[in-house]
Structure formats: structure tokens, C-alpha cells
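Residues per chain, in single letters:
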Amino acid sequence: MATPVRTDETARTTAPSPPFSTTVHVGFRVNDEDVELDLDPRESLLDVLRERLELTGTKKGCDHGHCGACTVHVDGRRVVSCLTPAVQAQGTAVTTIEGVAGPGGELHPVQQAFVDHDALQCGYCTPGQVMSGIACIDEGHAGDDAQAREYLSGNLCRCGAYPGIVAAVRAVADRSEG
Amino acid sequence: MRPFAYAAPASVPEALDALVAAGPDARFLAGGTTLYDLMKLGVEAPPAVVDVHRLPELAVVDTAGPDELVFGAGARMADVAEDPVLLRDYPMLAESLAKAASQQLRTMATVGGNLLQRTRCSYFRGGAPFACNKREPGSGCSALEGIDRAHAVLGTSDSCIATYAGDWAVALIALDAVVDVLGPDGARTVALADLHHEPGSHPERETTLAAGELILRIRVPTTRTARGSTYHKIRDRESYAFALASAATAVALDADGVVTDARIALGGVATRPWRAAAAERTLVGAPLTVDTARRAGEAALAGARPGRHNGFKIELAVRTVTDALRIAGERAVQ
Ligand SMILES: Cc1cc2nc3c(=O)[nH]c(=O)nc-3n(C[C@H](O)[C@H](O)[C@H](O)COP(=O)(O)OP(=O)(O)OC[C@H]3O[C@@H](n4cnc5c(N)ncnc54)[C@H](O)[C@@H]3O)c2cc1C
Ligand code: SF4
Ligand code: FES
Ligand code: FES
């Protein structure tokens, strides 16, 4: 589902002069590993993660910032990777759903809470929900059910697993406070 | 998406030079949540973009000063929404940001880019199959004969009825904000009230910025009136949706509960951020009651022109203003 990059249009009459370029060398970290890539500035972070780094845990729902399925963390803060031009990841640390488990492979507490609270059905939205939930707790926005719902509203769930999602995030938030 | 050249200069002067060098169709890129989105849709196709998202000069926020609040254009919506001074003394500003988009988008999006977001008119975003004077001047307006439920009832023209979709500019216009811009011809300050055009016969001209002008910062004169304020936003769903109608209101009351200062601006119903000055005047000198608040709401919507499916917005907006004034009044310092 990568956004098609139409190479037939790439022929330009003149090469862009500095500081501009149409191929950008970018370095960043993904899940604690260094990555260096030559990017077409059209590429989204989502497509780079999925198509070039083979990290397919991050999902593409709408590709336009509406659904939250593509949520990842950049420097510890949640963003939608479909509307993040990958060139803007230069120098940052990106965390995806593949990077949240513990060193021994044990599930992240929010992942475990999703299992315990039945917070998914088909699972398509789940990586984005988990990434959003982790950030929501870190931000201090999971203090009560109403606040958690408000600050998770950028993640849609076609299956309507919302009650379980809110319960899972709230359970972890309560535990990390206490 | 059309190919484009990319530059990420390290400073404001370099960014301005780069934009000039790249020509009049080049664009600044901040969070990209409007620009990159529309580039994906093929609605925007700049040959070059100049990335200003992480320029340190644009990140400065200072809300501690006695005379004005200062928001660097590159500050993130999510951060400004939680500024303690705003939460305490300017709830309308904090709420206008917190009730916009989602936390992910607010983390990416800048308060400068937010002012320049483009309409969510589906025919505009839908691209080539649809006539749209804003996207393609002279091609016609699909919304006039189409589904206009989300469209504007104030400030419309026979060329375009697209709603200005943003929230933050609505709260800012009520507080007499200004923006400092820097461009090829130097620096100037523009009142927020003069930043956006009504569509008239040129809906493709949305702002009064010249090509290559960069917004450096937004400034808001301090006022105690804003303590009694709110940004009241009515949506199709409870969260994460654009406004059907919204009202930024602030009131100051004297010891007898009589209004000494009133600010009212509307979102979701107009083609640009909409200050309702006549409505404000109906309140000053009167006690704040349900009746006077409703009368102000009616004054704010007095010139409204309904389309085919958006007539409900007129009464909705009147009630939104009425409610917003009640909330502001409850918070007002007497
Ligand atoms: C799903 C979704 C829901 C949304 N919901 C809401 C909502 O409810 N309420 C709301 O208000 N907004 C909403 N938005 C819009 C969002 O808030 C804006 O897209 C965002 O604020 C734009 O900021 P940005 O930094 O991403 O700008 P960009 O997309 O990078 O830029 C936008 C425009 O501003 C120009 N620009 C950027 N910075 C500068 C500068 N410093 N000087 C001069 N020009 C500049 C760019 O060239 C471009 O034309 C929503 C967006 C999405 C995708
Ligand atoms: S309302 Fe404006 S933006 Fe929408 S189709 Fe008509 S001209 Fe285009
Ligand atoms: S795929 Fe990014 S928000 Fe839907
Ligand atoms: S579990 Fe199916 S979309 Fe959320």
C-alpha cells in the first residue's frame, strides 16, 4: 500500500541547486538501531518504516491523519507517521510497536493490558492504539476515563473496542501512579 | 505526488533566502499536516519546500510578560495548549488548541502553520473531478450546487462558500492578536483580523501574506477579560472533528454583573476567522443573562446566508454563542 512514487515525473529540466535536493541522505534511530537512507522527499515515515525497513507492525489506515493506525513515537512523542515526511526524521529517535517489548521479549505493560482487557478484535488499529496509549500515559493524559477518551480520540477502531482500550490504558496509568 | 526539491536550512535568514531562490511557487513546510496532506492529494504541488519545522528561532514561547503573550510560529499546538498561563488566564486560547485535531497531530502541527491551514471543503480536497474556484480559479464551485452541510453561512460569495476550518485563529482574533512576518521586502506586523481574505470573486487568495513571507511569531496583548473566557466547539462527534459551529467568547463584569468588556468570534460558520463586533456591542453595559447572551448570538448571525443543507448552522451558532457566554460569565472575575 505504499504511496506510488511516479518515477515518470522525476525528470527535471534542471537539477536543484543547494541547499535543495531531490534525494536526501537522512540518518535517524529506529528502535535503538541506527538507520541511514537516501530518501525521495515524497516518502512518508510510514512508507519508509513499512516498505524499506520492513517494520510492518505500523499500519496504514487512511494515509491522511484521520485514523491513528500509523502512530509511532518520534523523540518520545506520538505522531502520525503517514503525515510525517520521512526526511523530517533526520536526527531523531523513532520508536515503533516492534520496539516497545522488554529486553527478554516480554510484552510492554500496555500490550499486556490490551490482552487482559480484551481491547481488540481484528487488531488492525491495535499497534497505533498501543503507541498512542503509551504516550497518553507518559503525557499524564490518562488520569480518568474522560481524559483518556479525549486524548485517545485520534485513534479510531472500526471494531469498536473502545471500552476495552480505555480500560487497558487506565489500568496501566493507575498502576504507574500508585 | 509530484516530485519536489527539499531544503532544511539552519536559520530563519537562510530559510528566507532559500525560498526566494526556489521561486514563487515554493512553500515553507512546518508540521506538514496541511501541506504534505494536500500534496499527497495532488491539491498542492510545490516544486520545492523549505523545512522550517525545527528552526530554534521559531520555537520561542513567552507568556510571562506584562504586556503581551508571544508564541513563536514553530511552537507545537500540544505544548501551547498546556501553557500554565494560558490554562489559568486565557482558557479560550488553551481550549481552542486542545479541542483541535488529535494529540498526535497537535504534537506535529505548529501554531503558525495552523493559521494558514486550508479549508476542508470536500470538493476542494477531492481534486480534479470537481470544479472548485479556490483550487482552479474560474472553474466553478461544486459546493453551491452540491452538498454544503459543512459550509459557511457568513462571509460567503457566489464564487466560494468554504468554511475556514481552524479554531486557534478564531480565539486569537477575539483577543486582537497580531502576527510578525519577515519576507523579501523586510519585516512587518499584520493584525490577525487582516490576515485572511473573504473569498469574494478570488477565493484562491486566502491570505494577505506576500510570496516568501514567513510568520515569525504571534503576539496577543494581555487582558484580564480573557480570564472569563471559553472556546466552545460543537462537533458531529464529541472529540476529534472540525467545528460545525464554535464561539470564542470572553467577558469582564463589574461588581453588579454588568458587562464592561466582551469579545465574540465565530468558527465553523464563516469563510474566515470571524469577529462579531456588533454582537459584542450589544452586551457592553448590559447585565449578562440568558436573554442578553442570546441577543448577542442573534446579532452575530444577523447577516447569515443559508445554503441548501447548512441552514441548521444559524440556530446552532446562536445557541453556541449563548452557551459560550454563559460559560465565560461563570469564569469572569468580578
Ligand atoms: C485529521 C485532521 C484533523 C484536524 N482537525 C483540526 C481541528 O479540529 N481544528 C483545527 O484548527 N485544525 C485541525 N486540523 C488542521 C491542523 O491543525 C493544521 O493542519 C495544522 O495546524 C497546520 O500546521 P502545520 O505546522 O502542520 O503546517 P503545514 O502543513 O506545514 O503548513 C500549512 C501552511 O502554512 C504554511 N506555513 C507553515 N508555517 C509557516 C510560517 N511560519 N510562515 C509562513 N507560512 C507557513 C505552509 O507553507 C502551508 O501553506 C486537522 C488536521 C488533520 C489532518
Ligand atoms: S466552496 Fe470554495 S473550496 Fe469548496 S468547491 Fe466551492 S470554490 Fe471550491
Ligand atoms: S494512516 Fe496515518 S492516521 Fe490513518
Ligand atoms: S480492533 Fe479492529 S479496528 Fe480496532
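Residues numbered from 1 in each chain as written. Chains lettered and ligands numbered in written order. Predicted model: local features only at pLDDT ≥ 70, side-chain atom pairs only at ≥ 80, totals over all residues. Heavy atoms only, no water.

The name given to chain B in an unreviewed UniProt entry is Xanthine dehydrogenase family protein subunit M, with the source organism recorded as Pseudonocardia xinjiangensis.

Under an unreviewed UniProt entry, the name given to chain A is (2Fe-2S)-binding protein, and the source organism is Pseudonocardia xinjiangensis.

Outline the overall build of chain A, supporting the account with residue identities and numerical values.
Scanning chain A from terminus to terminus reveals 5 helices and 5 strands. When its helices and strands are written in sequence order, chain A yields β-β-α-β-β-β-α-α-α-α. On the principal axes, the C-alpha backbone points of chain A span a range of 60 × 30 × 25 Å. Taking all 178 residues of chain A together, the buried fraction comes to 49%. Within chain A, counting contacts between residues at least 6 apart in sequence, those at least 24 apart form 56% of the total. Summed over all atoms, the accessible surface of chain A reaches about 8,300 Å², with 50% contributed by carbon and sulfur. (Helix = DSSP H or I, 4+ residues; strand = E, 2+ residues; numbered from the N terminus. Buried < 20%, exposed > 50% of the residue type's maximum accessible area, 1.4 Å probe, protein only. Contact = heavy atoms within 4.5 Å. Areas by Shrake-Rupley, 256 points an atom, 1.4 Å probe, with all protein chains shown as cover.)

Describe the domain arrangement of chain B, naming the residues involved and giving the relevant values.
Domains assigned within chain B are domain 1 (1-54) and domain 2 (228-329). Computed over C-alpha atoms, the centres of domain 1 of chain B and domain 2 of chain B are 37 Å apart. (Domains from an automatic or database assignment.)

Give a detailed account of the environment of A:Ala113, specifying residues and quantitative values.
Residue and element names in this part refer to chain A. Looking at where Ala-113 falls in the secondary structure, it is placed in helix H2 (residues 109-116). A C-alpha to C-alpha distance of 9.6 Å links Ala-113 and Val-130, two positions 17 residues apart in sequence. For Ala-113, the contacting residues outside a window of four places in its chain are Ala-168 and Val-172.

Give me the packing of aromatic side chains: which residues, what numbers.
Residues and elements named next belong to chain B. This structure, assessed with the given rule, holds 2 aromatic pairs over all chains. A centroid spacing of 5.3 Å and a plane angle of 70° characterise the contact between Tyr-123 and Phe-130, whose relative ring orientation is edge-to-face. Accessibility expressed as a relative area gives 15% for Tyr-123, which makes it buried. (Phe/Tyr/Trp six-rings, centres within 6.5 Å; stacked < 30°, edge-to-face > 60°.)

Please set out helix H1 (residues 45-52) of chain A residue by residue, giving values where relevant.
Among the residues making up H1(A), those that are buried are A:Leu45, A:Leu46, A:Asp47, A:Val48 and A:Leu49. Buried residues along H1(A) sit against strand S1 (24-30), strand S2 (33-39), strand S3 (71-74) and strand S5 (93-95) of chain A.

Describe the sheet that holds strand S12 (residues 274-275) of chain B, naming the residues involved and giving the relevant values.
Residue and element names in this part refer to chain B. The strand order across the open sheet built from 4 strands is S9-S10-S11-S12, with neighbouring strands paired in antiparallel fashion. Two strands in the sheet have a free side with no partner beyond their single neighbour: strand S9 (229-234) and S12. Note: strand S11 (residues 259-267) against S12, 2 bridges, orientation antiparallel. Note on S12: the bridge partner recorded for Ala-265 is Arg-275. (Pairing = 2+ DSSP bridges.)

Pulling in residues and values, what's your account of the packing of helix H3 (residues 126-139) of chain A against helix H5 (residues 162-177) of chain A?
All names here are of chain A. The interhelical angle for the contact between H3 and H5, taken along N-to-C directions, is 35°, at an axis separation of 10 Å. In the packing of H3 onto H5, the handedness of the crossing is right-handed. Side by side, H3 and H5 meet where Gln-129, Gly-133 and Ile-137 of the first sit next to Ile-165, Val-169, Val-172, Ala-173 and Ser-176 of the second. Tallied by class, the residues present in the contact of H3 with H5 amount to 5 nonpolar, 3 polar and no charged. (Axes fitted to C-alpha atoms, helices over the stretch in contact; angles between N-to-C directions. Left-handed = near helix turned anticlockwise from the far one by under 90°. Nonpolar A, V, L, I, M, F, W, Y, C, P; charged D, E, K, R; others polar.)

Can you explain the interface of chain A and chain B? Please cite residues and give values.
Each partner contributes to the interface: chain A provides 41 residues, whereas chain B provides 41 residues. Taking both partners together, chain A and chain B bury about 3,400 Å²; carbon and sulfur atoms supply 54% of that area. Among the residues of chain A in contact with chain B, A:Phe20, A:Arg42 and A:Gln88 are the three that bury the most area, contributing 21% of the side total. On inspection of chain A and its partner chain B, the count reaches 2 salt bridges. If you look at where chain A meets chain B, you find 22 residue pairs in polar contact (both at pLDDT 80 or more). Mapped onto the side of chain A that touches chain B, the elements with two or more residues apiece are strand S4 (77-80), H3 and helix H4 (145-151) of chain A. Counting residues per element, the side of chain A that touches chain B draws most heavily on S4(A), at 4 residues. Per-class residue counts for the side of chain A that touches chain B are 14 nonpolar, 18 polar and 9 charged. (Buried area = accessible area lost by both parts, 1.4 Å probe. Salt bridge = Lys/Arg side-chain N within 4 Å of Asp/Glu carboxyl O. Polar contact = N/O pair within 3.5 Å; in protein donor to acceptor, adjacent residues only side chain to side chain.)

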